[in-house]
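# Working through the structure, step by step
Chain by chain, the residues:
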Amino acid sequence: MIKYNKLGYLVLILIFKIMTVGYCQNTVVKDMINQTGMINVEAGKENSFIFTDLGAWHGYGICKNNETSSSLSFRGPVFLVDGGLFYGPNDTTGLVRLSVCQNDRLMSFERISAEHTPGLLKQHFKSGKLHLSQRLVYVSSKQSLIETVVENKGSAPQSLELKWTVATYSNEKLTMHQEQQVLVMNTAKHGAYGLGFVDGKQYLCGISNNECEVRIDKVILKPGEKRTVSFVETYVPDEEKDSLRFKKLVDFSNVDVRHVFEDNKHRWENYFDRIVGAQTSWVKTKHSQMVATKALQTLVTNWRSSAKDLQGDGIYPSVGHFNGYWAWDSWKHAAAIAKIMPELAKKQIQSMFLFQNENGMIGDVTRYYGQNDNWRDSKPPLAGWAVWFVYNATGDIEFLKELYPKLIKYHRWWYKERDANKNGLCEYGSTDGSHQAAAWESGMDNAVRFDNTKVVQQSYGGTYDQESVDLNCFLWKEKVILEKIALVLGDKNIAKAFKLEAKKLRGQIIKRFWDDTDGYFYDWSLRENRRIKIAGSEGWSPLFVGLATDKQAKKVVSTLIDPDMFNSYVPLGTLAINSSMYEEDGYWRGPVWLDQVYFGIRGLRNYGYQYEADKLQEKVFNHLEGIGSPGIPIRENYDPLSGKGLRAIHFSWSSAHLLMLLMEAK
């Protein structure tokens with residue numbers, strides 16, 4: 001009997017703990033999905049951006065707040081082809097604007113609130129006892145739904161006329177026409193737009209001077225009564241309003257108005273549940289939860305679906321700053337969202353491999369207009385790393401089978417066209433033989449280590465006369481991962497070959513790039529037959545991939561935690577702060593980039609330096625400008641001495657690595 005009581009007691013404790021964890025996780029998820037204003041979308045405010053979801057090519061925002069207004073709308077839609085922004089003088093209004101009349105008099109409304117929460121825009125107005133609320137969500141990559149609720153909170157009936165005016169943006173010369181109950185028009189070079197009201201009682205009035213009206217006459221609301229009206233906006237890039245494809249897509253009969261908002265909320269709850277479910281100490285703090293919310297919203301805002309010459313879904317680095325799918329960025333985005341949005345992670349990788357050429361090369365960037373693609377260079381080979389992340393998150397063997405031969409082809413390309421002396425150690429290069437494109441290929445466009453580097457012309461373009469430690473570490477990691485993939489797929493001979501290659505390359509990397517005197521890894525100059533002693537972030541890539549010895553790792557760690565070198569106010573910049581070549585806003589000549597921060601902290605954790613990793617990570621999350629504050633965007637890079645955000649705003653790979661740091665730090 002005593003044993004039974006003890007066992008029962010232990011079972012009750014276990015059940016209680018499980019219930020407590022589940023309750024706490026649900027509470028955190030609820031807090032995250034209700035977090036307001038992490039990305040500012042209100043006109044007239046600094047760093048105002050857009051709200052999009054599900055890969056849509058049209059975006060919205062909140063109009064500039066006036067004391068009173070008789071024209072009510074969300075801001076937009078803006079059409080995002082080429083990273084388009086809100087149109088000039090019309091950036092404070094919407095394409096579809098609601099006005100309310102009572103006794104033939106136009107009513108003025110006061111805006112009580114306007115909020116942007118994950119996956120949702122909402123605003124609330126009032127005029128006397130009449131209240132009006134609006135909500136906006138996406139139902140697909142092509143359609144969004146705007147709901148308006150008018151409520152009489154007075155004690156007497158109110159008779160109203162509701163009128164929606166559709167007025168084209170001033171710099172667009174558009175032609176509208178009616179297809180049954182749907183208004184359609186072309187948006188210049190951008191695509192085709194459609195507007196349809198879900199309630200069949202609405203009707204489109206005459207179209208004149210590029211304006212259209214939708215009216216509901218004699219809406220009588222009893223005290224406490226509400227009237228709900230919803231419409232769907234459809235936008236399809238690179239399409240004409242008269243095309244059969246657009247006519248099919250503009251149909252909104254399948255939009256389930258009753259459940260669309262709940263379905264949207266559930267989808268976002270699943271995203272956050274997967275973040276919180278990592279159960280790291282980092283995601284348990286309110287500050288980190290706000291960072292995670294902002295980071296995920298940034299990635300989703302930069303998500304685009306297949307259109308024009310972009311094949312498949314992917315995430316832009318920064319809408320309006322860096323448009324298109326970029327190779328290095330794509331691998332990082334996919335790894336970060338592998339557990340949160342696994343299907344999008346797979347599509348991000350697949351989209352880049354659709355961009356692979358016959359030689360195996362994957363270009364730098366593929367864009368909406370294919371003539372603007374960049375084939376002058378590739379980007380550091382982290383594709384296998386990303387594929388392995390996604391496979392571990394999903395267990396999708398078919399995905400692995402699809403990418404396996406393409407990964408091998410890309411891996412072999414590096415040795416065909418980026419190993420000029422065929423010694424097994426690769427160099428960055430370019431297809432046009434230019435120094436600039438070779439620097440781009442490194443991902444570190446103007447890094448100090450390339451200041452005196454020359455391009456050696458080759459039949460396929462050119463390669464640097466410099467072997468880079470990060471490039472060869474990434475290639476070693478690819479070999480290790482390709483061995484693992486081959487074993488999963490039963491390709492034992494290929495697995496054995498990659499294992500032998502990795503063993504040989506590890507020895508070459510350590511011999512070539514390790515400087516025992518300095519205790520650091522450096523690039524190697526082929527021209528001068530020596531190491532290029534520039535202490536940059538590339539020097540900790542052997543720890544990130546896990547090929548350094550324990551002794552080497554210990555010495556590198558001492559450099560990373562040295563306050564005179566890399567342990568600055570925001571640690572792990574791209575160049576030691578005591579370097580004479582350090583520049584405050586020098587792009588890759590000193591500022592902190594969060595991919596390099598992740599590589600460094602991951603490297604420390606790989607070798608058991610958890611305390612040091614935690615301390616550096618604390619400084620990152622505590623000192624980056626506005627990182628957990630509403631309305632301050634996540635930046636491309638940061639000043640290591642002040643934490644000030646630099647360059648592009650709403651930057652995707654920064655967001656990606658913030659999420660990875662939070663979810664992996666155990």
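See the structure shown above.
Residues numbered from 1 in each chain as written. Predicted model: local features only at pLDDT ≥ 70, side-chain atom pairs only at ≥ 80, totals over all residues. Heavy atoms only, no water.

### Focus on the overall build of the chain
Looking only at helices and strands, the chain features 16 helices and 28 strands. What you see for the chain is a C-alpha radius of gyration of 28 Å, in line with the 26 Å of a compact globule of 666 residues. In terms of overall dimensions, the chain has a C-alpha envelope of 85 × 80 × 50 Å along the principal axes. The buried share among the 666 residues of the chain stands at 59%. When contacts within the chain are restricted to residue pairs at least 6 apart in sequence, long-range pairs at least 24 apart make up 66% of them. If you sum the accessible surface of the chain, you get close to 26,900 Å²; carbon and sulfur atoms cover 50% of it. Each charge class in the chain can be summarised by its mean position, and for the 81 positive and 76 negative side chains these summaries are 5 Å apart. (Helix = DSSP H or I, 4+ residues; strand = E, 2+ residues; numbered from the N terminus. Rg over C-alpha atoms; globule rule 2.2 N^0.38 Å. Buried < 20%, exposed > 50% of the residue type's maximum accessible area, 1.4 Å probe, protein only. Contact = heavy atoms within 4.5 Å. Areas by Shrake-Rupley, 256 points an atom, 1.4 Å probe, with all protein chains shown as cover. Lys, Arg positive; Asp, Glu negative; His and termini not counted. Charge placed at Lys NZ, Arg CZ, Asp CG, Glu CD.)

### A few points about the nonpolar core
Core analysis: the largest hydrophobic core is formed by 190 residues, its most contacted members being Trp164, Trp331 and Ile349. The biggest single contributor to this core is helix H10 (residues 469-488), with 11 residues. Within the second largest apolar cluster, 14 residues are counted, among which are Phe246, Val250, Val255 and Val260. (Core = buried A, V, L, I, M, F, W, Y, C linked by side-chain atoms within 4.5 Å.)

### Structural notes on helix H4 (residues 286-301)
Here H4 is 16 residues long and its end C-alpha atoms lie 22 Å apart, about the 22 Å a rise of 1.5 Å per residue gives. For H4, the buried fraction is high: 14 of the 16 residues fall into the buried class. (Expected span 1.5 Å × (residues − 1).)

### Quick look at the packing of helix H5 (residues 327-337) against helix H7 (residues 383-394)
Remark: H5 packs on H7, axes separated minimally by 8 Å, with the N-to-C direction vectors making an angle of 15 degrees. Considering their axes alone, H5 and H7 lie roughly parallel with respect to each other. Read as a crossing pair, H5 and H7 show a hand that is left-handed. Across the interface between the two elements, Trp331, Lys332, Ala334 and Ala335 of H5 pack against Ala383, Trp385, Ala386, Phe389 and Val390 of H7. Here the residues of the contact of H5 with H7 sort into 8 nonpolar, no polar and 1 charged. (Axes fitted to C-alpha atoms, helices over the stretch in contact; angles between N-to-C directions. Parallel < 35°, antiparallel > 145°, perpendicular 65-115°, else oblique. Left-handed = near helix turned anticlockwise from the far one by under 90°. Nonpolar A, V, L, I, M, F, W, Y, C, P; charged D, E, K, R; others polar.)

### Quick notes on the pattern of salt bridges
A complete count under the given rule lists 39 salt bridges for this structure. Put simply, Lys163, Glu213, Arg215 and Asp217 are held in one network by salt bridges that share partners. (Salt bridge = Lys/Arg side-chain N within 4 Å of Asp/Glu carboxyl O.)

### Description of unusual backbone geometry
Most peptide bonds adopt trans geometry, and most residues besides glycine take a negative phi value. Cis geometry is adopted by the peptide bond preceding proline 77, which originates at glycine 76 and carries an omega value of 5 degrees. At aspartate 238, a residue that is not glycine, the phi angle is positive and equals roughly 55 degrees. With respect to the helices, strands and loops of the structure, aspartate 238 is situated in the loop between strand S15 (226-237) and helix H2 (244-249).

### A few points about the sheet that holds strand S6 (residues 120-127)
Strand order in the open sheet formed by 8 strands is S5-S6-S7-S8-S15-S12-S11-S10, with antiparallel pairing between adjacent strands. The sheet terminates laterally at strand S5 (110-117) and strand S10 (176-179), the two strands that pair on one side only. Averaged over all neighbouring strand pairs, the angle between strand axes comes to 15 degrees, with direction disregarded. One ladder, built from 7 bridges, connects S6 with strand S7 (residues 130-138); its direction is antiparallel. Looking across to S7, one finds that leucine 121 is bridged to leucine 136. (Pairing = 2+ DSSP bridges.)

### Points about the side chain of glutamine 123
Tracing the backbone shows glutamine 123 in strand S6. Note on glutamine 123: relative accessible area 2%, which makes it buried. At a separation of 3.1 Å, a polar atom in the side chain of glutamine 123 contacts the main-chain carbonyl oxygen of serine 73. There is a polar contact of 2.7 Å between the side chain of glutamine 123 and the side chain of glutamine 134. (Polar contact = N/O pair within 3.5 Å; in protein donor to acceptor, adjacent residues only side chain to side chain.)

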